[in-house]
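Secondary and tertiary structure notes
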Amino acid sequence: MDDSVQVKCTRCKSAFRERARRLQNGYSRQCPTCEVVLFFDEDSSDANIKSAMRRARRVRKELREAEAEFRPRMISRRGSARHATDDDSAA
Ligand SMILES: [Zn+2]
């Protein structure tokens, strides 16, 4: 299943995709096109960022539900990203 969401750059308006698990409050990344740094926050004044955060939250929820349902072996093997910054305990 697709675990990335589309993000629209505030400055150049180009769209790129980012993993939903990364898009949490405090996350920042550079736009691949114009290299401006975008800061992700659910209270952002930027509507693009806000809607990306909302979609990311929804995707993370779907991913959690999917994992709980059929736990494919490949997912349980992908351990390294998991305990680094834990996802979404507040949601
Ligand atoms: Zn850009």
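Let us now look at helix α1 (residues 47–70). The end-to-end C-alpha distance of α1 is 35 Å, a good match for the 34 Å that 24 residues give at a rise of 1.5 Å each. Along α1, the residues that are buried comprise Ile49, Ala52, Met53, Ala56 and Arg60. Packing partners of the buried residues in α1 comprise β1 (4–8) and β4 (37–40).

On the secondary structure map, methionine 53 appears in helix α1. Along the chain, methionine 53 and glutamine 6 lie 47 residues apart, while their C-alpha atoms are 9.9 Å from each other. Discounting residues that sit within four places of it in the chain, methionine 53 has contacts with Leu23, Phe40 and Glu42.

Moving on, we come to the pairing of β1. The side-chain alternation of β1 yields one buried face, formed by Val5 and Val7, and one unburied face, formed by Ser4, Gln6 and Lys8. Pairing between β1 and strand β2 (residues 15–19): 5 bridges, direction antiparallel. Within β2, the residue paired with glutamine 6 across the bridge is arginine 17. Between β1 and β2, which follow one another and run antiparallel, lie 6 residues, and lysine 13 among them has a positive phi close to 65°.

Moving on: unusual backbone geometry. The phi angle at lysine 13 is positive, at roughly 65°, despite the residue not being glycine. Topologically, lysine 13 is positioned in the loop between β1 and β2. The phi dihedral of glutamate 35 falls on the positive side, at around 70°, and the residue is not glycine. Mapped onto the elements of the fold, glutamate 35 is located in the loop between β3 (27–30) and β4. Take glutamate 35: there are 10 C-beta atoms within 10 Å of it, and that puts it in the exposed class.

Parameters and conventions
Residues numbered from 1 in each chain as written. Predicted model: local features only at pLDDT ≥ 70, side-chain atom pairs only at ≥ 80, totals over all residues. Helix = DSSP H or I, 4+ residues; strand = E, 2+ residues; numbered from the N terminus. Expected span 1.5 Å × (residues − 1). Buried ≥ 20, exposed ≤ 12 C-beta atoms within 10 Å, placed from the backbone. Contact = placed C-beta atoms within 7 Å. Pairing = 2+ DSSP bridges.

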